[in-house]
Amino acid sequence: MLGDDPAGLPVASADRVVETRPLALIRDDERLATVSFTAVTGFAERARVVDGDIPETVDGRSTDGDVIPVVVEREFAETGAISVGDRLAVVTLGGGAPATVEVEVAGRTVRLT
């Protein structure tokens, strides 16, 4: 146990979760979905990879140059026919000039345990 939360309930674990604003996921000029990048402390230890691998990083940065390796949930990947090795574009939504980054699917997981 980590202690009690402000409401007095016992806390078993605490994680840091960082999530981006919504982004457009694009393949061959077709918008597949609206997604967010999410980073969770302890992801590598808690994720169950069912296809591919969890990407290697150095100080939180990709070791693969400009392409960002990502892991997607298997259920989401299957609905969009997304496979390990696929390269997709992610484009910012909303105001300002759109920014585009390329991602490569390194692995597919089931939800965190």
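Read on for an overview of the structure. Everything numeric here is computed off the predicted structure, so don't read it as measured data. (Residues numbered from 1 in each chain as written. Predicted model: local features only at pLDDT ≥ 70, side-chain atom pairs only at ≥ 80, totals over all residues. Heavy atoms only, no water.)

## Side note on the overall build of the chain
For the chain, the count of helices and strands is 2 helices and 12 strands. Ordered by position from the N terminus, the helices and strands of the chain form the series β-β-β-β-β-β-α-β-β-β-β-α-β-β. When each of the 113 residues of the chain is scored for burial, the buried share is 19%. In the chain, the share of contacts with a sequence separation of at least 24, taken over all contacts with a separation of at least 6, comes to 53%. In the structure as shown, the chain presents an accessible area of about 7900 Å², 49% of it carried by carbon and sulfur atoms. (Helix = DSSP H or I, 4+ residues; strand = E, 2+ residues; numbered from the N terminus. Buried < 20%, exposed > 50% of the residue type's maximum accessible area, 1.4 Å probe, protein only. Contact = heavy atoms within 4.5 Å. Areas by Shrake-Rupley, 256 points an atom, 1.4 Å probe, with all protein chains shown as cover.)

## Some thoughts on the side chain of threonine 109
Tracing the chain through its elements places threonine 109 in strand E12 (residues 100-110). Residue contacts for threonine 109: discarding those within four places in its chain leaves Phe43, Ala47, Arg48, Val49, Val50, Val71, Val72, Glu73 and Arg74.

## Notes on unusual backbone geometry
Despite not being glycine, aspartate 28 has its phi angle at roughly 50 degrees, a positive value. Residue position: aspartate 28 is located in the loop between strand E4 (23-27) and strand E5 (30-35). The phi torsion at aspartate 29 lies on the positive side, around 65 degrees, for a residue other than glycine. Within the element layout of this structure, aspartate 29 appears in the loop between E4 and E5.

## What about the environment of threonine 92?
Relative to the helices and strands, threonine 92 resides in strand E11 (residues 87-92). Accessibility expressed as a relative area gives 32% for threonine 92, which makes it partly exposed. A C-alpha to C-alpha distance of 9.9 Å links threonine 92 and threonine 34, two positions 58 residues apart in sequence. Residues within four places of threonine 92 in sequence aside, it is in contact with Leu23, Ala97, Pro98 and Ala99. Among the polar contacts listed, one links the side chain of threonine 92 to the backbone nitrogen of alanine 99, at a separation of 2.8 Å. (Polar contact = N/O pair within 3.5 Å; in protein donor to acceptor, adjacent residues only side chain to side chain.)

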